[in-house]
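# Structure at a glance
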Amino acid sequence: SLTKEELGSAKIHGRNGMIDNVAEDEVDALRQAQRFLSYLPSHVGEPAPFFDVGDLRDRREESLLALVPRERRRAFKMRKLIEAVVDQRSFFEIGKLWGRSQITGLARVNGHSVGLLANDCHHDGGSMTRDGADKIRRFVDLCDLFHLPIVSFVDEPGFAIGSKAEQEGTIRAGMGAMFAVLQSTVPWFACVVRRSYGVAQGLHLGSKAMSVAWPSAMSGALPVESGVALAFKREIESAPDPDRRRAELEDEMAKAQSVLPRSEEFGVHDLIDPRDT
């Protein structure tokens with residue numbers, strides 16, 4: 001027979017989404033609950049409380065200039081970006097142990113409570129998995145209920161693909177999240193940090209988001225690597241040097257996915273210096 005811990009411990013349910021945050025002990029549980037509630041109004045008919053931590057509104061973090069690697073395949077730490085942009089020490093993450101390709105949490109910007117979404121490229125490349133989509137749906141519903149504006153940092157390569165993703169019904173979960181996003185009534189601010197691909201990018205943009213982009217942003221129907229592998233498979237295989245030809249095609253396609261032409265066509269509202277985020 002199984003013990004209670006073996007059957008359904010905090011470790012198990014913290015990773016399957018039954019619970020959002022795991023505490024060390026009762027004191028930590030109360031501390032986390034108190035902090036969570038500090039971002040919310042006492043009821044949905046009130047605005048969220050304002051709390052000024054003294055962070056300078058015009059603070060510019062030089063570290064943001066070098067945060068995103070020039071090499072497309074290299075990962076970076078999205079939480080460092082979040083901590084650098086929101087009011088200092090104000091980010092409270094929700095659901096860190098499940099749906100790990102997506103980051104959700106509460107924070108303050110200029111003293112005002114906001115909901116925060118982002119991708120974590122260290123898990124499943126930051127792609128939209130079933131659990132990630134469920135996590136976004138629940139979080140957007142929470143923000144909409146309490147009228148919290150949503151801030152979204154986008155590095156989305158698209159929906160997870162493959163046999164596991166198909167068996168889990170990833171697209172079903174994704175469409176559930178999409179409905180929640182499109183039906184939300186709160187303001188959205190989206191900052192495209194690097195990748196913004198496919199249908200899944202819509203889960204980060206709301207219905208009428210104010211959308212800005214960093215110069216490192218890239219967007220399109222598919223990420224460069226998988227798009228080239230699918231569209232030019234025969235050409236690559238028949239080339240004298242397949243690896244070299246694939247690299248050439250990837251570089252060519254990457255230039256076409258630059259955010260610069262899209263910013264001219266108003267695909268984003270502004271192209272900004274990362275330090276101004």
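Residues numbered from 1 in each chain as written. Predicted model: local features only at pLDDT ≥ 70, side-chain atom pairs only at ≥ 80, totals over all residues. Heavy atoms only, no water.

Further remarks concern the packing of helix H5 (residues 130–145) against helix H7 (residues 170–183). Look at H5 against H7: their axes get within 8 Å of each other, and the N-to-C directions meet at 20°. In terms of their interaxial angle, H5 and H7 are classed as roughly parallel. H7 is crossed by H5, and the crossing has left-handed handedness. Seen from H5, the contacting residues are Arg130, Ala133, Asp134, Ile136, Arg137, Val140, Asp141 and Asp144; seen from H7, they are Thr170, Ala173, Gly174, Gly176, Ala177, Ala180, Val181 and Gln183. (Axes fitted to C-alpha atoms, helices over the stretch in contact; angles between N-to-C directions. Helix = DSSP H or I, 4+ residues; strand = E, 2+ residues; numbered from the N terminus. Parallel < 35°, antiparallel > 145°, perpendicular 65-115°, else oblique. Left-handed = near helix turned anticlockwise from the far one by under 90°. Contact = heavy atoms within 4.5 Å.)

On to the pattern of salt bridges. With the rule as written, the count across this model stands at 18 salt bridges. The salt bridge involving glutamate 61 is made with arginine 59; its shortest N-O contact spans 2.7 Å. Look at glutamate 61 and you get partly exposed, because its relative accessible area is 23%. A single salt-bridge network, built from bridges that share partners, covers Arg60, Glu62, Asp273, Arg275 and Asp276. (Salt bridge = Lys/Arg side-chain N within 4 Å of Asp/Glu carboxyl O. Buried < 20%, exposed > 50% of the residue type's maximum accessible area, 1.4 Å probe, protein only.)

Moving on, we get to helix H4 (residues 78–85). Among the residues of H4, those classed as buried are Met78, Leu81, Ile82 and Ala84. For H4, the angular spread of buried residues about the axis comes to 165°, placing them on one side. Buried residues along H4 sit against strand E2 (102–109), strand E3 (112–119), strand E4 (150–156) and strand E5 (188–197). (Arc of directions from axis to C-beta.)

If you check H5, its first and last C-alpha atoms are 23 Å apart, about what 16 residues at 1.5 Å a residue would give, namely 22 Å. When H5 is considered as a whole, its buried residues turn out to be Gly132, Ala133, Lys135, Ile136, Phe139, Val140, Cys143 and Asp144. Projection of H5 onto a plane perpendicular to its axis shows the buried side chains occupying an angular sector of 155°, all on one side. Contacts from the buried residues of H5 go to E2, E3, E4, H7 and E5. (Expected span 1.5 Å × (residues − 1).)

Next up on the list: the confidence of the model for the chain. This prediction gives the chain a mean pLDDT of 90; 91% of its residues lie at or above 70. Looking at the elements of the chain, mean pLDDT is at its lowest for helix H11 (residues 259–264), recorded as 59, and at its highest for strand E1 (residues 92–93), recorded as 98. (pLDDT = per-residue confidence, 0-100.)

This part is about the pairing of E5. Judged by how many residues are buried, E5 sits mostly within the fold: nine of 10 residues are covered. As paired elements, E4 and E5 share six bridges and run parallel to each other. Its bridge partner being in E5, phenylalanine 153 is matched across the sheet by cysteine 191. Note: E5 against strand E6 (residues 210–213), four bridges, orientation parallel. The residue of E6 that forms the bridge with valine 192 is alanine 213. In the sheet, E5 pairs with strand E7 (residues 218–220) via three bridges, with the strands oriented parallel. When the sheet's bridge partners are listed, arginine 195 is paired in E7 with methionine 218. (Pairing = 2+ DSSP bridges.)

Further remarks concern the nonpolar core. Among soluble globular proteins, nonpolar side chains are generally buried collectively. Formed by 27 residues in total, the largest nonpolar core has its most connected members in Leu106, Leu117, Met128, Ile136, Val140, Ile150 and Trp188. For this core, the elements supplying multiple residues, two or more each, are H5, H7 and E5. Beyond its immediate chain neighbours, meaning those up to four positions away, isoleucine 136 contacts Gln102, Leu117, Met128, Ala177, Val181, Leu203 and His204. Of all hydrophobic cores here, the second largest spans 23 residues; its members include Leu81, Val151, Cys191 and Val193. (Core = buried A, V, L, I, M, F, W, Y, C linked by side-chain atoms within 4.5 Å.)

A grouping of Lys11, Arg15, Lys96 and Arg100 is seen on the molecular surface, where their side chains present a positively charged patch. One can find lysine 11 in helix H2 (residues 10–16). A relative accessible area of 63% means that lysine 11 is categorised as exposed. (Patch = residues over 30% accessible without salt bridge, like charges linked within 9 Å, V, L, I, M, F, W, Y side chains within 5 Å. Areas by Shrake-Rupley, 256 points an atom, 1.4 Å probe, with all protein chains shown as cover. Lys, Arg positive; Asp, Glu negative; His and termini not counted. Charge placed at Lys NZ, Arg CZ, Asp CG, Glu CD.)

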